[in-house]
Amino acid sequence: MLSTLLKQHQSKQNARKDDQEKKKKAAIASATALSHALVDHLNYGVAQAYVNQKKLDTETKILQANAAHFSKQTVQWLKLVEDFNTALKLSKGNYSYSHVFVRDVGDKFMANRQQRFGDVENWARSIETDMRTISSALEYAYKSMNKSE
């Protein structure tokens, strides 16, 4: 009788140990799966941040190039307008001198337009219209750059 009780007790203890071992293995497997899931999620976030940073770097380079180009164009326009203004002051209304000046500057657009001018007044109106068009284009470009930021 005592030996039977001892055997029963030992078999129950072995069953409990086996059950505990199974639960321990299941807990370890669950913890490992959770760790892998967290690391994968973290890696995805890091990868997404890296991709976004690359896109930002590319857009920044493009924006810098566009800004440099715009700055260079602005300097050229300012010089052209300054030279043109100086030439008009020097010419004192001499149409042929300003015509030569425009050709010397190399502005083909202006030279082609001057062929249609009959007198200085029409020529001045045409220049004013062109400058307003250029001003509007620059203003539009500036506004569209500010909207994209």
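For every chain, the first residue of the written sequence is number 1, and numbering continues from 1 along that sequence. Only residues with pLDDT of 70 or above have their local features reported here, since the model is predicted, and side-chain atom pairs are shown and tallied only from 80 upward, although totals for entire chains, interfaces and linings are computed over all residues. Only hydrogens and water are set aside; all other atoms, that is, all heavy atoms of the structure, feed into the side-chain values.

Strands here mean DSSP runs of E at least two residues long; helices mean DSSP runs of H or I at least four residues long; both are numbered from the N terminus. Of regular secondary structure, the protein chain possesses four helices and zero strands. The N-to-C order of helical and strand elements in the protein chain reads α-α-α-α. Between two residues, a contact is recorded if the distance between any of their heavy atoms is within 4.5 Å. Restricting to contacts in the protein chain with at least 6 residues of sequence separation, those with at least 24 account for 35%. Areas reported here follow the Shrake-Rupley algorithm with a probe of radius 1.4 Å; residue values treat only the protein chains shown as occluding. Of the roughly 12,600 Å² of accessible surface on the protein chain, 59% is carried by carbon and sulfur atoms.

With respect to the secondary-structure elements, Asp83 resides in helix α1 (residues 2-91). Type-normalised accessible area, obtained with a 1.4 Å probe on protein chains alone, sets the label of each residue: buried when under 20%, exposed when over 50%, and partly exposed for intermediate values. Residue Asp83 is classed as partly exposed on the basis of its relative accessible area, which comes to 27%. Any pair of nitrogen or oxygen atoms within 3.5 Å is treated as a polar contact; in protein, a donor-acceptor pairing is required on top of that, and neighbouring residues in sequence qualify only through side-chain atoms on both sides. Reaching out from Asp83, the side chain makes a polar contact with the side chain of Lys79 at a distance of 2.7 Å.

The subject of this paragraph is the pattern of salt bridges. By definition here, a salt bridge exists when the distance from a side-chain nitrogen of Lys or Arg to a carboxyl oxygen of Asp or Glu is within 4 Å. Within the structure shown, the criterion is met by four salt bridges. Of the charged contacts in the structure, one is a salt bridge between Asp19 and Lys23, with a shortest N-O distance of 3.5 Å. Within this pair, Asp19 and its partner Lys23 are both found in helix α1, separated by four residues, close to a single helical turn.

What follows is about the confidence of the model for the protein chain. What pLDDT reports is the predictor's confidence in each residue, on a scale of 0 through 100. When pLDDT is averaged across the protein chain, the result is 78; 77% of the residues are at 70 or more. Within the protein chain, no element has a lower average pLDDT than helix α2 (residues 95-105), which sits at 46, and none a higher one than α1, at 87. Of the regions scoring below 50 in pLDDT, residues 94-106 engages in 21 contacts with residues more than four places distant in sequence or in other chains. Scored below 50 in pLDDT, residues 112-117 makes eleven contacts in the model with residues more than four places away or belonging to other chains.

Taken together, the side chains of Met1, Leu2 and Leu5 make up a nonpolar region of the molecular surface, amounting to roughly 410 Å² of accessible area. Mapped onto the elements of the fold, Met1 is located in the segment before α1. Residue Met1 is classed as exposed on the basis of its relative accessible area, which comes to 78%. For patches, a residue must show more than 30% relative accessible area and have no salt bridge; joins then use 9 Å for like charges and 5 Å for nonpolar side chains, namely Val, Leu, Ile, Met, Phe, Trp and Tyr.

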